[in-house]
Amino acid sequence: MSHAILDLVQQVMSSPWLYLAIFALAVLDGFFPIVPAETSVITAGVFAASGGGQPNLALIIVVAAIGAFAGDHISYLIGRKAGGRLRERKAFVWARGALEERGGLVLVVARYIPGGRTATTLTMGAVRHPLRSFTFFDAIAASSWAVYSALIGFFGGMAFENDPIKGLLLGLGIALTVTFVVEAVRFVRKRRAVTQPSAERLPQDTSI
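Below or above, wherever it landed, is the structure these notes cover. Bear in mind that the values here come from a model prediction, so they are computed numbers and not experimental data.

1. Focus: the overall build of the protein
So, point 1. Counting its secondary structure elements, the protein contains 9 helices and 0 strands.
So, point 2. The linear arrangement of helices and strands in the protein, starting from the amino end, is α-α-α-α-α-α-α-α-α.
So, point 3. Here the protein holds 208 residues, and 40% of them are scored as buried.
So, point 4. Considering only residue pairs separated by 6 or more positions, the protein has 77% of its internal contacts joining residues 24 or more positions apart.
So, point 5. Just so you have it, the protein exposes about 12,000 Å², and 67% of that area is on carbon and sulfur atoms.

2. Quick look at the nonpolar core
So, point 1. Judged by nonpolar contacts, the single largest core of 24 residues is most densely connected at I22, V41, I60 and W145.
So, point 2. Beyond its immediate sequence surroundings of up to four residues, I60 is in contact with Y19, I22, V41, A44, G45, A48, P55 and A150.
So, point 3. In this structure, Y76, V108, M124 and F134 belong to the second largest nonpolar core, which totals 7 residues.

3. Considering helix α3 (residues 37-50)
So, point 1. With 14 residues, α3 should cover 20 Å at 1.5 Å per step; its first-to-last C-alpha distance of 20 Å lies within 8% of that length.
So, point 2. Most of α3 sits out of view: 12 of its 14 residues are buried.
So, point 3. A37, S40, V41, I42, T43, A44, G45, V46, F47, A48, A49 and S50 are the residues of α3 that are buried.

4. Brief notes about the packing of aromatic side chains
So, point 1. Scanning the entire structure with this criterion turns up 3 aromatic pairs.
So, point 2. With a centroid separation of 4.5 Å and 35° between ring planes, the pair formed by Y76 and F134 is classed as tilted. Here F134 lies in helix α8 (residues 131-159) and Y76 lies in helix α4 (residues 57-82), a separation of 58 residues in the sequence. This pair shows no difference in class: Y76 is buried, exactly as F134 is.
So, point 3. Plain terms: the ring middles of F154 and F155 are 5.8 Å apart, the flat faces sit at 75° to each other, and that makes the pair edge-to-face.
So, point 4. Over the aromatic face of W145 sits the side chain of R111, whose NZ or CZ is 5.2 Å from the ring centroid.

5. Some points on the pattern of salt bridges
So, point 1. All chains considered together, the criterion is met by 3 salt bridges.
So, point 2. R117 is paired through a salt bridge with D29; the nearest N and O atoms lie 2.7 Å apart. Of the two residues, R117 is situated in helix α7 (residues 116-126) and D29 in helix α2 (residues 17-29); the sequence distance between them amounts to 88 residues. The burial state of R117 is the same as that of D29; both residues are buried.
So, point 3. One continuous salt-bridge network, built from bridges that share partners, spans D29, D72, R111 and R117.

6. Side note on α4
So, point 1. Its 26 residues give α4 an end-to-end C-alpha distance of 37 Å, which sits within 8% of 38 Å, the value for a rise of 1.5 Å per residue.
So, point 2. Capping the start of α4 is the job of one residue whose side-chain oxygen sits 3.1 Å from the backbone nitrogen of A58: N56.

7. Overview of unusual backbone geometry
So, point 1. Backbone geometry at R128 places phi at a positive 60°, although glycine is not the residue there.
So, point 2. Note that R128 resides in the loop between α7 and α8.
So, point 3. Accessibility expressed as a relative area gives 49% for R128, which makes it partly exposed.

8. Notes on the packing of α2 against α3
So, point 1. Put simply, α2 and α3 touch, their axes get as near as 8 Å, and they point 150° apart. Regarding the angle of α2 to α3, the classification is roughly antiparallel. α3 is crossed by α2, and the crossing has left-handed handedness. Here L18, I22, L25, A26 and D29 of α2 lie close against α3, whose contacting residues are A37, S40, V41 and A44.

So, how was this worked out
- Numbering of residues begins from 1 in every chain and follows the order in which that chain's sequence is written.
- Only residues with pLDDT of 70 or above have their local features reported here, since the model is predicted, and side-chain atom pairs are shown and tallied only from 80 upward, although totals for entire chains, interfaces and linings are computed over all residues.
- Hydrogen atoms and water are omitted, and side-chain values are computed over all heavy atoms in the structure.
- What counts as a helix is a DSSP run of H or I of at least four residues, what counts as a strand is a run of E of at least two, and both are numbered from the N terminus.
- To sort residues, take the accessible area from a 1.4 Å probe on protein chains only and compare it with the maximum for the residue type: under 20% means buried, over 50% means exposed, and anything in between is partly exposed.
- When checking whether two residues touch, look at their non-hydrogen atoms; a contact exists if any pair is within 4.5 Å.
- For the area figures, the Shrake-Rupley method with a 1.4 Å probe applies, and any residue is considered shielded solely by the protein chains shown.
- Residues belong to a common nonpolar core when they are buried Ala, Val, Leu, Ile, Met, Phe, Trp, Tyr or Cys residues joined through side-chain atoms within 4.5 Å.
- A helix is expected to span 1.5 Å for every residue after the first.
- Between 30 and 60 degrees the pair is tilted, below 30 it is stacked and above 60 it is edge-to-face, where a pair is any two Phe, Tyr or Trp rings, Trp via its six-membered ring, whose centres lie within 6.5 Å.
- Only when the NZ of Lys or the CZ of Arg is both within 6 Å of the ring centre and within 35 degrees of the ring normal is a charge said to sit over the ring.
- Salt bridge, as used here, is a side-chain nitrogen of Lys or Arg placed within 4 Å of a carboxyl oxygen of Asp or Glu.
- Polar contact is the term for a pair of N or O atoms within 3.5 Å; when the atoms are in protein, one must be able to donate a hydrogen and the other to accept it, and sequence-neighboring residues count only if both atoms are side-chain atoms.
- To get an axis, fit a line to the C-alpha atoms, keeping to the stretch in contact for a helix; angles then go from 0 to 180 degrees between the N-to-C directions.
- Oblique is the label for every angle not falling under 35 degrees (roughly parallel), over 145 degrees (roughly antiparallel), or within 65 to 115 degrees (roughly perpendicular).
- Crossings are classed by handedness, with left-handed meaning an anticlockwise turn of the near helix from the far one by less than a right angle and right-handed meaning a clockwise turn.

Here it is in structure tokens:
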């Protein structure tokens, strides 16, 4: 049964329709984050390493990057139209604060935070962040994400060239680990930001 499933997946991965599927998933993931775009790119990367050049790694990266770029711009336009209905929600309050602190660079960071990318792109539209700046930073974010996801899968596939399933599991494991580390660092920094002002408000000892 497992061999039959693996053969089916390999057939899909060698089909030219794969690139259209990756593009569509990357677009949808821009404003509908439940869509498994990153998983599809990692999977394609695994089979690019173990499938004799099919699918093509460079084409996977290009298609995924263009799809992510387009999806993020759709999300930006949705945020621009929705405006005030988004501004007081918790995720968007975070995104607005991060945007004020880091500017357009937050778009690059948010792409690796679960749910952070969509909240950030919608918020940047809602607060009418300049489109030129959004486009510049989003090009960096989409490209780096596509390279990161495809290469994780590719090197996982190289590590288990004769067993793509193990390569896929390794790739997904690395991606989850990176996400966990990013979230942990963000949590620690948030805790420090909360405790430092509290410490500064403590009364000073004026006794001699």
